[in-house]
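# Architecture at a glance
One letter stands for each residue in the lines below.
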Amino acid sequence: MSAFYREKVLSVRHWTDTLFSFKATRDSGFRFLNGQFAMIGLEVDGRPLLRAYSMASANHEEELEFFSIKVSDGPLTSRLQKIREGDTILVGRKATGTLITDNLIPGKRLLLLSTGTGLAPFASLIKDPDVYERFEQIVLVHGCRQVNELAFGEQLVQKLRDDELFGPLLSEKLSYYPTVTREPFRNRGRITDLIASEQLFNDLGQTPLDKATDRIMMCGSPAMLEELRQMFEQRGFLEGNHTEPGHFVIEKAFVER
Ligand code: A2P
């Protein structure tokens, strides 16, 4: 048995010069938990060329979806950005990753903090009805340099708001907070600063950070993750993993090339 499923590309959407997303068929045997990642890629010169990608689709969905950067000299993404409907991609059979709700101690508010394509695992998690059962409030924060980089997330949230099942769950529980650092926008600034200054919570009209009730997942820029880890640890939050759940879990946004 091959280590990979061979899946067909169903659609590709280019969001900016540096961001695209695509959908592909999903083998009925491919199981994953929302928030996890798998190795995906292309066969190049008869050999698999793979990188870790979080599933942006939820595990109840029939199709797979991924959100990727484009790097012109990146071994995989320089090729992957050219895929078209009908092409074949490789999907590793085993999904894994730390951004799963079981790695968190039960809490009341779930903060999903992401930059760039680090949004992908949270795109999956906000389509998981179980997440809305476990938490009273969910805050999805997406930080980017420019406004147009927010489009994938904005459209995802809009689609869910219009959805019969998710619409009511979102309006009751989900706050979406896109923020931009390098051009004018209604929310501005780095996620680290927005949390340290409490502006995020003030803007949302919510209570400040509280270890007793807040649980956190983060995915994105390594520099941001390191700063956030220190900030949360200084406040007594503990990192969770598969053996011991904690107050927060971390995953870097994968593909850099
Ligand atoms: P900034 O524009 O101020 O660097 P990148 O494209 O470099 O991965 O960055 C994505 C987003 O993450 C940008 O808005 C960037 O802000 C922000 N960012 C980069 N480094 C950090 C950090 N150490 N802490 C918080 N946000 C960061």
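One can find the structure itself at the top, above this paragraph.
These remarks concern the structure in this document. Quick caveat, the model's predicted, so the values are computed rather than measured.

### Focus on the side chain of Glu 149
Tracing the backbone through its elements, the reader meets Glu 149 in the loop between strand S8 (137-144) and helix H4 (151-161). Of the polar contacts made by the side chain of Glu 149, one reaches the backbone nitrogen of Arg 145; its length is 3.1 Å.

### Some remarks on the site of the ligand
Close to the ligand lie Thr 115, Gly 143, Cys 144, Arg 145, Thr 181, Arg 182, Arg 190, Thr 192, Ser 221, Ala 223, Met 224 and Glu 227, which account for all nearby residues. In this structure, Arg 182 approaches the ligand through a side-chain N or O atom, which is 2.6 Å from an oxygen atom. In this structure, a nitrogen atom belonging to the ligand sits 3.4 Å away from a main-chain N or O atom of Met 224. Protein burial of the ligand: of its 550 Å² of free accessible surface, 79% is covered by the chains.

### Here we look at the pattern of salt bridges
A side chain of one charge can pair with a side chain of the opposite charge when the charged atoms of the two come close. For the structure shown, the criterion picks out 7 salt bridges. Glu 226 serves as the salt-bridge partner of Arg 229, at 3.4 Å between the closest nitrogen and oxygen. Of the two residues, Arg 229 and Glu 226 are both situated in helix H8 (residues 222-234); the distance of 3 residues between them amounts to about one turn of the helix. Where Glu 239 meets Arg 229, a salt bridge forms, and the shortest distance between an N and an O atom there is 2.4 Å. Residue Glu 239 is located in the loop between H8 and strand S11 (248-252), and its partner Arg 229 is located in helix H8; the two are separated by 10 residues in the primary sequence.

### Structural notes on helix H5 (residues 166-173)
Of the positions making up H5, those classed as buried are Phe 166, Gly 167, Leu 170 and Lys 173. The buried residues of H5 occupy an angular sector of 165° when projected down its axis, which confines them to one face. Along H5, exposed side chains directed more than 90 degrees from the buried face belong to Ser 171 and Glu 172.

### Here's the deal with H4
Listed as buried for H4 are Phe 152, Gly 153, Leu 156, Val 157 and Leu 160. Buried residues along H4 cover an arc of 125° about the axis, so they all sit on one side. Along its buried surface, H4 packs onto strand S2 (19-24), strand S5 (64-69), helix H2 (120-125), S8, H5 and strand S9 (174-180).

### Here's the deal with the packing of H4 against H5
Relative orientation of the contacting elements H4 and H5 amounts to 115°, with a least axis distance of 7 Å. As far as their axial angle goes, H5 and H4 are roughly perpendicular. Here Val 157, Leu 160 and Arg 161 of H4 come into contact with H5, specifically with Phe 166, Gly 167 and Leu 170. Along the lines of polarity and charge, the residues of the contact of H4 with H5 split into 4 nonpolar, 1 polar and 1 charged.

### Looking at the sheet that holds strand S3 (residues 37-44)
Spatially, S4-S3-S6-S1-S2-S5 is the arrangement adopted by the 6 strands of the open sheet, whose pairing is antiparallel. Edge positions in the sheet fall to strand S4 (47-54) and S5, since each has one partner strand and no second. Mean inter-strand twist for the sheet, computed between neighbouring axes without regard to direction, equals 40°. Strand direction decides the pairing type here: strand S1 (residues 4-14) and strand S6 (residues 88-92), joined by 5 bridges, are antiparallel. Opposite Arg 6, over in S6, you have Leu 90 as the bridge partner.

Basis of the calculations
The residue count restarts for each chain, going from 1 along the sequence in the order it is written. This being a predicted model, a pLDDT of at least 70 is required before a residue's local features are given, and a value of 80 or more before pairs of side-chain atoms are given or counted; all residues contribute to the totals for chains, interfaces and linings. In computing side-chain properties, one takes all heavy atoms of the structure into account and sets aside hydrogens as well as water. Only runs of H or I of at least four residues qualify as helices and only runs of E of at least two qualify as strands under DSSP, and these elements are numbered from the N terminus. The definition of a polar contact used here is a pair of N or O atoms within 3.5 Å, where within protein one atom must be able to donate a hydrogen and the other to accept one, and adjacent residues in sequence count solely through side-chain atom pairs. Here a residue counts as near a molecule or strand whenever at least one of its heavy atoms sits within 4 Å of it. To be clear on the numbers: accessible area is Shrake-Rupley with a 1.4 Å probe, and residue cover counts the displayed protein chains and nothing else. A pair is scored as a salt bridge if a Lys or Arg side-chain nitrogen falls within 4 Å of a carboxyl oxygen belonging to Asp or Glu. Relative accessibility decides the category of a residue: with a 1.4 Å probe and only protein chains considered, values under 20% of the type maximum give buried, values over 50% give exposed, and everything between is partly exposed. The reported arc concerns the directions from the helix axis to the C-beta atoms and nothing else. Contacts between residues were defined by any pair of non-hydrogen atoms, one from each residue, lying within 4.5 Å. Orientation is described by axes fitted as lines to C-alpha atoms, over the contacting stretch for helices, and by angles from 0 to 180 degrees between their N-to-C directions. An angle below 35 degrees is treated as roughly parallel, one above 145 as roughly antiparallel, one from 65 to 115 as roughly perpendicular, and anything else as oblique. Three residue categories are used. Nonpolar comprises Ala, Val, Leu, Ile, Met, Phe, Trp, Tyr, Cys and Pro, charged comprises Asp, Glu, Lys and Arg, and polar comprises the others, including Gly. At least two bridges found by DSSP between two strands are what make those strands a pair.

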